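A look at the structure
Below, each chain spelled out in residue letters.
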Amino acid sequence: MVKIAFNSALAQKALGKEVPAAVKDPELASAPAGSEGSTGRCLLTLLGIAFILSGLIVGGACLYRYFTPKRLYHGAMQFNDVSAGAGGESQPYYLPRVEEEVEISDSMAVISIPPPRFRPGDPAYILHDFNRKLTAYLDLTLRTCFVIPLNTSVVLPPQDLIDLFSQLMSGSYRSYLVHEDLVVTERIDDIKPLGFYIRRLCDGKETYRMQRRSSLPGGGIHKRSADECFTIHHFENKFVTETRICKA
């Protein structure tokens, strides 16, 4: 009988050449696939975090713009009605006085006008939207809104308004009266195009568009009865404005 013997060292060496490294070490085989998967997950996570942060930044900017408290100022002006004295009538010893509280931001100003004392006039809110170039009057007696283009020759820009009321907070200011005559022209059924600020002020209230009487055909020389008109005294400049709003 012939015995055939193999050298175990040579057999192991031969087998070692044939066995792949991946079979020897399973962790090495799975390493490339796992690395690619973890890289993809990291990218998705980073994209998700960036998306959330951008949403927070945009949302925070909107909240800051619309809902953060504005700077509140209080001021008063005494005024002399020059037109009343033109006919020879003497001015009263005690000059009329207008008081206001105003909230001012870079894009808007809201003026709160209390009921006047010892003279005719309605309490009101007046909102100036500097971005949309619009002014809205909310008559608190009628619970009605009236909208007209912003009169930049009367209303100071935001920073100048802040400077004016900063001076007024140290004491009252003596000035003169300017008359403004406005006429209601049409009803506004959809107030959304008027912007966020006016929509918030006039929501749920009848809203009308106005024009200055001087811009109407013929100059609007016909007079209106007192029952069809109401008056608001206010100031957004170094003088007091008497705004008279009448139905067309």
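Structure first, text after, so check above.
Everything quoted here is computed from the prediction, not taken from an experiment.

Helix and strand counts for the protein stand at 5 helices and 10 strands. Within the protein, buried positions represent 35% of all 248 residues. Within the protein, residue pairs in contact and separated by at least 24 positions form 60% of the contacts whose partners lie at least 6 positions apart. For the protein, the accessible area works out to roughly 15,900 Å², and carbon and sulfur atoms hold 59% of it.

Tallied over the entire structure, the rule returns 1 cavity of 30 Å³ or more. Of the volumes computed, that of the largest cavity is approximately 60 Å³. Taken together, His-128, Thr-135, Tyr-137, Ile-148, Pro-149, Asn-151, Val-154, Val-155, Glu-180, Arg-212, His-234 and Glu-236 make up the full set of residues lining the largest cavity. For the lining of the largest cavity, the secondary-structure elements that each account for two or more residues are strand E5 (134–139) and strand E6 (144–149). Among the residues making up the lining of the largest cavity, the classes are represented as 5 nonpolar, 4 polar and 3 charged.

What follows deals with the pattern of salt bridges. Enumeration according to the criterion identifies 6 salt bridges in this entry. For Glu-186, the salt bridge goes to Arg-209, with nearest N and O atoms at 3.1 Å. Of this pair, Glu-186 sits in strand E7 (residues 173–187) while Arg-209 sits in strand E8 (residues 206–212); the two residues are 23 residues apart in sequence, bridging distant segments of the chain. Measuring nitrogen to oxygen at the nearest pair gives 4.0 Å for the salt bridge that ties Glu-206 to Arg-187. Of this pair, Glu-206 sits in strand E8 while Arg-187 sits in strand E7, and the two are 19 residues apart along the sequence.

This paragraph deals with the pairing of strand E1 (residues 71–80). The sheet contact formed by E1 and strand E2 (residues 97–104) spans 8 bridges and is antiparallel. Within E2, the position partnered with Gln-78 by the bridge is Arg-97. Pairing between E1 and E7: 4 bridges, direction parallel. The partner of Phe-79 across the bridge, within E7, is Ser-175.

With that settled, consider the state of the cysteines. Throughout the structure, instances matching the rule amount to 2 disulfides. The disulfide bridge from Cys-145 ends at Cys-202, spanning 2.2 Å between sulfur atoms. Given an S-S torsion of about -90°, the disulfide between Cys-145 and Cys-202 has left-handed geometry. Placement of the pair is Cys-145 in strand E6 and Cys-202 in helix H5 (residues 196–202), with a sequence separation of 57 residues. Relative accessible area serves as the criterion here: at 0%, Cys-145 is assigned to the buried category. Looking at Cys-202, the relative accessible area reads 0%, which means it is buried. Between Cys-229 and Cys-246 runs a disulfide, and the two sulfur atoms are separated by 2.0 Å. Negative torsions about the S-S bond denote left-handed disulfides, and the value of about 115° found for Cys-229 with Cys-246 makes this one right-handed. One end of the pair, Cys-229, is in strand E9 (residues 229–234); the other, Cys-246, is in strand E10 (residues 240–247), and 17 residues separate them in sequence.

Turning next to the packing of aromatic side chains. What the rule picks out here adds up to 5 aromatic pairs. An angle of 20° between the planes, with centres 5.5 Å apart, marks the rings of Phe-165 and Phe-235 as stacked. One end of the pair, Phe-165, is in helix H4 (residues 158–168); the other, Phe-235, is in the loop between E9 and E10, with 70 residues separating them in the sequence. Among the residues examined, Phe-235 registers a relative accessible area of 0% and is labelled buried. Ring geometry for Phe-196 and Tyr-197: centres 5.7 Å apart, planes at 75°, overall edge-to-face.

Definitions and cut-offs
- Residues numbered from 1 in each chain as written.
- Predicted model: local features only at pLDDT ≥ 70, side-chain atom pairs only at ≥ 80, totals over all residues.
- Heavy atoms only, no water.
- Helix = DSSP H or I, 4+ residues; strand = E, 2+ residues; numbered from the N terminus.
- Buried < 20%, exposed > 50% of the residue type's maximum accessible area, 1.4 Å probe, protein only.
- Contact = heavy atoms within 4.5 Å.
- Areas by Shrake-Rupley, 256 points an atom, 1.4 Å probe, with all protein chains shown as cover.
- 1 Å grid on protein atoms, 1.4 Å probe; cavity = no way out; pocket = protein on both sides within 12 Å on 5 of 7 lines; lining within 4 Å.
- Points joined across faces, edges and corners; volume = space filled by probe spheres on them.
- Nonpolar A, V, L, I, M, F, W, Y, C, P; charged D, E, K, R; others polar.
- Salt bridge = Lys/Arg side-chain N within 4 Å of Asp/Glu carboxyl O.
- Pairing = 2+ DSSP bridges.
- Disulfide = S-S within 2.5 Å.
- Phe/Tyr/Trp six-rings, centres within 6.5 Å; stacked < 30°, edge-to-face > 60°.

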